[in-house]
Amino acid sequence: MLGTSCSTRIAVIMVGLPARGKTYIAYKVSRYLDWLGVNCRVFNVGEYRRMYVGTKKLHTFFDPNNAEGMELRRQCAMRALGDMFLWFEDLSSGVAIYDATNSTRERRRYIYETCRSKEIEVMFVESWCDDEELIEKNIREVKRISPDYRHIDDEDEIVSDFKKRIEHYNELYEPLNCRPGGERPHHASEMLIAGPNGFSSIAAADADVYDESALTYVKKINVGSQVVINRIKSFIETRIVYFLMNIHIAPRSILFSRHGESLYNLDQRLGGDPALSPNGEKYSEALPGLIEKLMGDQELTLWTSTLKRTIQTGSKLKYPRLQWKALDELDAGVCEGLTYEEVEERHPEEYAMRNENKFEFRYRGGESYRDVVLRLEPVIMELERQQNLLIISHQAVLRCLYAYFLNIDPQDLPYLKIPLHTVMKLTWTAYGCDIQTYKVDIAAVDTHRPKTTSHKTSETGSASPSVGSAPFRQTGVNTYNSKLKSSIPVSRSGTDIGVSPGGASVAT
Ligand code: ATP
Ligand code: F6P
């Protein structure tokens, strides 16, 4: 885990009105932590509500004056919380993300005190937003496809109902660290912003009981135009904060490609710093046409590794460029420059060990896939901050980047198929992303090796390059798309937690 051991159990408690991106943030943070090897799980109270109370709930269900609705929502929130505590029981370390509105101090105080009584650290993450246009866009983007509204076709009707739902929540909403019972802030500067020593203007009697200025929290205001950070303690918390500060929601495209076929690829040789093969050079010549087709005249930044084959592949592209050492291929140590057959002959034990656990196996004097994931973390942070990007890198590195975007398990990661002469384009979906692949019609060897020890090399693509009007084709081989792990454990149902948070308003 993160190359060090983390023995903390952290509950990240989301806070904010509906359609503020809480679920989006929760799954993004979860994918990032999962990728770094941190045990992470999202508990989404909306999913519990849909499971236990059903869908098709219009705004009146969320009205604080609807006593039955309030009680049902309280029970769903308690079930999700109970499952979160059960999940923590088996763990010495891990991060749970409790995704609900948690919009009142009373609710947050209950969660905080219960977590602390179980020795679970608490970090609140609030998304606060008063940009009406963005909120409406969010509703149209994600609530339109929510199971809650499957029975309504008219998008305007959905928007209108969801806005009323937001108003119901707003009646009780108390942003984090605001004066209890006081005016609710309309701007961040009116909020109580605590310094590292926890200054607080909350009434003394209340502060004795539950003082939000003394808690660990991050508050993202209007997507990130302001970020308030308070009392961050552990290493994992700092990673989460840094990540939250870097993510944005502006539309953009991220394209990936391996370098063109190299001279080493021709005989399945590992690593090194070879030049492109003749077909690899043809790919570098075809690439500008394909990128232009995909991006039009949009601005783009090109990232390559520091190795000859990626630099050559991008050499015909006319975009600002950056070389990253971190994008260099997995270092095969003593096996650099050998073919897989030579590795089997000269280092049979290592060869066998690699087949046993390819993700963890570290070449002598070189790296493992896990090492590559860890060295790519700064790349991911920068990538999250950037606009349009084209990344030209290597098989193992692109597998690791894919695994981040598509939430691939570490055991499957080293076997992902990332063919040569293919551009992959990330497309964002509501809470994750898909990948479209565009194959350039220039032959290249297949360097993918399945889990068994087959040594065959096969040809892909047509034998002769086509430079006609359709130099590439979209393969539609959308083999992987990001999985959203359901927040409801499959083995459990109907847990009756039966704990009352003391009449607090429920959040989901
Ligand atoms: P609910 O409480 O109803 O579950 P939510 O707060 O979880 O709502 P999401 O379903 O996550 O809201 O909304 C997703 C939308 O929010 C996406 O369109 C995404 O672009 C947008 N979004 C992501 N981050 C933010 C942010 N910090 N502020 C506002 N919108 C955001
Ligand atoms: O074969 C090309 C290559 O990029 C090698 O340089 C690298 O060692 C290898 O792929 C990584 O793939 P695998 O981990 O499947 O051996």
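Under an unreviewed UniProt entry, the name given to the protein is fructose-2,6-bisphosphate 2-phosphatase, and the organism recorded is Mycoemilia scoparia. The UniProt entry for the protein carries the following text under Sequence similarities (unreviewed entry): "In the C-terminal section; belongs to the phosphoglycerate mutase family."

(A) Quick look at the overall build of the protein. Looking only at helices and strands, the protein features 16 helices and 15 strands. Look at the contacts in the protein between residues 6 or more apart in sequence, and 70% of them connect residues 24 or more apart.

(B) Broad picture of the nonpolar core. In this structure, Val 12, Ile 97, Tyr 98 and Cys 400 are the most contacted members of the largest nonpolar core, which totals 95 residues. Tallying contributions element by element places helix H16 (residues 395-406) first for this core, with 10 residues. The contact partners of Cys 400, leaving out residues within four places of it in the chain, are Tyr 369, Val 372, Val 373, Leu 376 and Leu 413.

(C) The site of ligand 1, seen in detail. Ligand 1 sits among 20 residues. The nearest are Pro 18, Gly 21, Lys 22, Thr 23 and Tyr 24. Elements that contribute at least two residues to the shell around ligand 1 include exactly helix H1 (22-35) and helix H5 (132-143). Grouping the amino acids of the shell around ligand 1 by side-chain chemistry returns 9 nonpolar, 7 polar and 4 charged.

(D) Seen up close, the UniProt feature "domain: 6-phosphofructo-2-kinase" (unreviewed entry) in the protein. What UniProt calls "domain: 6-phosphofructo-2-kinase" (unreviewed entry) maps, in this numbering, to residues 8-177 and 211-251. A helix fraction of 52% and a strand fraction of 15% characterise residues 8-177, whose end C-alpha atoms lie 24 Å from each other. Spanning residues 211-251, this segment combines 29% helix with 24% strand, and its end C-alpha atoms are found 38 Å apart.

(E) A look at the sheet that holds strand E4 (residues 121-128). With respect to topology, 6 strands assemble into an open sheet ordered E2-E3-E1-E4-E5-E6, the strand pairing being mixed. With one partner strand each, in any of the chains shown, strand E2 (40-44) and strand E6 (226-230) form the two edges of the open sheet. Taking each pair of neighbouring strands and ignoring which way they run, the sheet shows an average axis angle of 15°. Pairing geometry for strand E1 (residues 9-15) and E4, over 6 bridges, is parallel. Across the sheet, Ala 11 pairs through a bridge with Val 122, a residue of E4.

(F) Fine view of the environment of Leu 58. Looking at the secondary structure, you find Leu 58 in the loop between helix H2 (45-53) and helix H3 (67-89). By the C-beta count within 10 Å, which is 16 here, Leu 58 ends up partly exposed. Separated by 90 residues in sequence, Leu 58 and Asp 148 place their C-alpha atoms 7.9 Å apart.

(G) Seen up close, the site of ligand 2. Ligand 2 sits among Asn 265, Leu 270, Gly 271, Glu 329, Leu 330, Ala 332, His 394, Gln 395, Ala 396, Pro 414, Thr 447 and Arg 449. Tallied by class, the residues present in the shell around ligand 2 amount to 5 nonpolar, 5 polar and 2 charged.

(H) Here's a closer look at the packing of H5 against helix H6 (residues 155-172). Interaxial distance between H5 and H6 falls to 10 Å at its minimum, and their mutual angle equals 120°. Viewed along their axes, H5 and H6 form a crossing whose handedness is right-handed. Contacts from Glu 136, Ile 139, Arg 140 and Lys 143 in H5 reach Glu 155, Ile 158, Val 159 and Phe 162 in H6. Looking at the contact of H5 with H6 residue by residue, the class counts come to 4 nonpolar, no polar and 4 charged.

(I) Seen up close, the environment of Thr 306. Along the chain, Thr 306 turns up in the loop between strand E8 (301-304) and helix H11 (308-313). Linking Thr 306 and Ala 332, residues 26 residues apart in sequence, is a C-alpha distance of 16 Å. Setting aside anything within four residues of it in sequence, one finds Thr 306 in contact with Gln 323, Lys 325 and Asp 328.

(J) Inspection of the packing of H2 against H3 at higher detail. Interaxial distance between H2 and H3 falls to 9 Å at its minimum, and their mutual angle equals 120°. Here H2 lies oblique to H3, going by the angle between them. Here the hand of the crossing between H2 and H3 comes out right-handed. Residues Val 45, Tyr 48, Arg 49, Tyr 52 and Val 53 of H2 touch H3, and the partners they reach there are Leu 72, Arg 73, Cys 76, Ala 77, Arg 79 and Ala 80.

(K) Local environment of the pairing of strand E11 (residues 422-428). Relative to E11, strand E7 (residues 254-258) runs antiparallel, the two being bridged by 4 bridges. Bridged to Ile 254 within E11 is Leu 426. Strand direction decides the pairing type here: E11 and strand E12 (residues 433-440), joined by 7 bridges, are antiparallel. Counterpart to Trp 428 in the pairing with E12 is Cys 433. Here E11 folds back onto E12, and the loop between the two strands holds 4 residues.

(L) Focus on the pairing of E8. Alignment of E8 against strand E10 (residues 389-393), held across 4 bridges, turns out to be parallel. When the sheet's bridge partners are listed, Thr 301 is paired in E10 with Leu 389. By the bridge criterion, 3 bridges tie E8 to strand E9 (residues 321-323) in an arrangement that is parallel. Bridging across to E9, Trp 303 finds its partner in Leu 322.

(M) Focus on unusual backbone geometry. One non-glycine residue, Arg 231, lies in the positive phi region at around 50°. Among the structural elements, Arg 231 can be located in the loop between E6 and helix H8 (235-246). The backbone of Gln 268 sits at a positive phi, close to 55°, despite the residue not being glycine. Here Gln 268 is to be found in the loop between helix H9 (263-266) and helix H10 (278-295).

(N) Looking closely at H3. Between its terminal C-alpha atoms H3 stretches 33 Å, which fits the 33 Å expected from 23 residues at 1.5 Å a residue. Residues of H3 that are buried make contact with E1, E2, H2, strand E3 (94-99) and helix H4 (105-117).

(O) Looking closely at the confidence of the model for the protein. In this model, the protein carries an average pLDDT of 86, and 81% of its residues clear a pLDDT of 70 or more. Across residues 475-481 the pLDDT falls below 50, and counting only partners more than four positions away or on other chains, this stretch makes 13 contacts in the model. Here residues 490-508 scores under 50 on pLDDT; set against residues more than four positions off or in separate chains, the count is 41 contacts. Both scores are given for the predicted complex: the pTM is 0.86, the ipTM 0.88.

(P) Representation of the environment of Asn 265 in the model. Tracing the chain through its elements places Asn 265 in helix H9. On the basis of neighbour counts, which here come to 24 C-beta atoms within 10 Å, the residue Asn 265 falls in the buried class. Placed 182 residues apart in sequence, Asn 265 and Thr 447 show a C-alpha to C-alpha distance of 7.0 Å. Setting aside residues up to four positions removed in sequence, Asn 265 forms contacts with Ser 277, Leu 420, Val 445 and Thr 447.

Rules of the game
- Residues numbered from 1 in each chain as written.
- Chains lettered and ligands numbered in written order.
- Predicted model: local features only at pLDDT ≥ 70, side-chain atom pairs only at ≥ 80, totals over all residues.
- UniProt positions renumbered as here; feature names shortened; annotations may be inferred.
- Helix = DSSP H or I, 4+ residues; strand = E, 2+ residues; numbered from the N terminus.
- Contact = placed C-beta atoms within 7 Å.
- Core = buried A, V, L, I, M, F, W, Y, C linked by C-beta atoms within 7 Å.
- Buried ≥ 20, exposed ≤ 12 C-beta atoms within 10 Å, placed from the backbone.
- Near = placed C-beta within 6 Å.
- Nonpolar A, V, L, I, M, F, W, Y, C, P; charged D, E, K, R; others polar.
- Pairing = 2+ DSSP bridges.
- Axes fitted to C-alpha atoms, helices over the stretch in contact; angles between N-to-C directions.
- Left-handed = near helix turned anticlockwise from the far one by under 90°.
- Parallel < 35°, antiparallel > 145°, perpendicular 65-115°, else oblique.
- Expected span 1.5 Å × (residues − 1).
- pLDDT = per-residue confidence, 0-100.

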